[in-house]
Amino acid sequence: MIDSLGTVFVGGGYSFGGLRLDGALPFHAFGEDATGSFTTTGDARRGVLVPALKEHGLVPAVALQANLWLPTGDETHHVGSIGPRASAAAIVEKDLGSVGLVAMLGAEVGYPE
């Protein structure tokens, strides 16, 4: 297993018409496990978020989100998968002045580790 791990995420996104496309690639700048120290990348992620309902009065905003992880990480150091993974979620958000509440419910599928 991993004894220590320091990670930086490089990513970005673009929104248009309420639709958000994004992606990220974790870069494990330093890590240590039973084999010694290592530097490597993790699994790349691509995602999309689609608004379904706008917040109106007491009705919260609802969005649908989907993500795909590609197996670009190093599985020998436990920072990568053997195959692609996907997730889908529904997100509910309500602004209450200076505070916002967010709830997310979803599922992820992928290859057994």
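Above this text you will find the structure in question.
What counts and how
- Residues numbered from 1 in each chain as written.
- Predicted model: local features only at pLDDT ≥ 70, side-chain atom pairs only at ≥ 80, totals over all residues.
- Heavy atoms only, no water.
- Helix = DSSP H or I, 4+ residues; strand = E, 2+ residues; numbered from the N terminus.
- Rg over C-alpha atoms; globule rule 2.2 N^0.38 Å.
- Buried < 20%, exposed > 50% of the residue type's maximum accessible area, 1.4 Å probe, protein only.
- Polar contact = N/O pair within 3.5 Å; in protein donor to acceptor, adjacent residues only side chain to side chain.
- Contact = heavy atoms within 4.5 Å.

> Which parts of the structure should I look at to understand the overall build of the chain?
Per the secondary structure count, the chain includes zero helices and seven strands. When the helices and strands of the chain are read in sequence order from the N terminus, they spell out β-β-β-β-β-β-β. Against the compact-globule benchmark of 13 Å for 113 residues, the chain has a radius of gyration of 17 Å, which places it well outside the compact range. Taken along its principal axes, the extent of the C-alpha atoms in the chain is 55 × 30 × 25 Å. Per-residue burial for the chain yields a buried fraction of 27% across its 113 residues.

> Just checking my understanding: could you explain unusual backbone geometry for this structure?
Glycine aside, the phi torsion of most residues is negative, and most peptide linkages are trans. A positive phi is found at H78, a non-glycine position, where the angle reads about 65°. Topologically, H78 is positioned in the loop between β5 (61-70) and β6 (85-96). Note on H78: relative accessible area 45%, which makes it partly exposed.

> In this structure, what is going on with the side chain of K94? I would like to understand it.
The residue K94 is located in strand β6 in this model. For K94, a relative accessible area of 17% gives the class buried. Among the polar contacts made by the side chain of K94, one reaches the main-chain carbonyl oxygen of G57 at a distance of 2.4 Å. In this view, K94 contacts E55, G57, L58, V59, P60, V99, G100 and L101; residues no more than four positions away in its chain are not counted.

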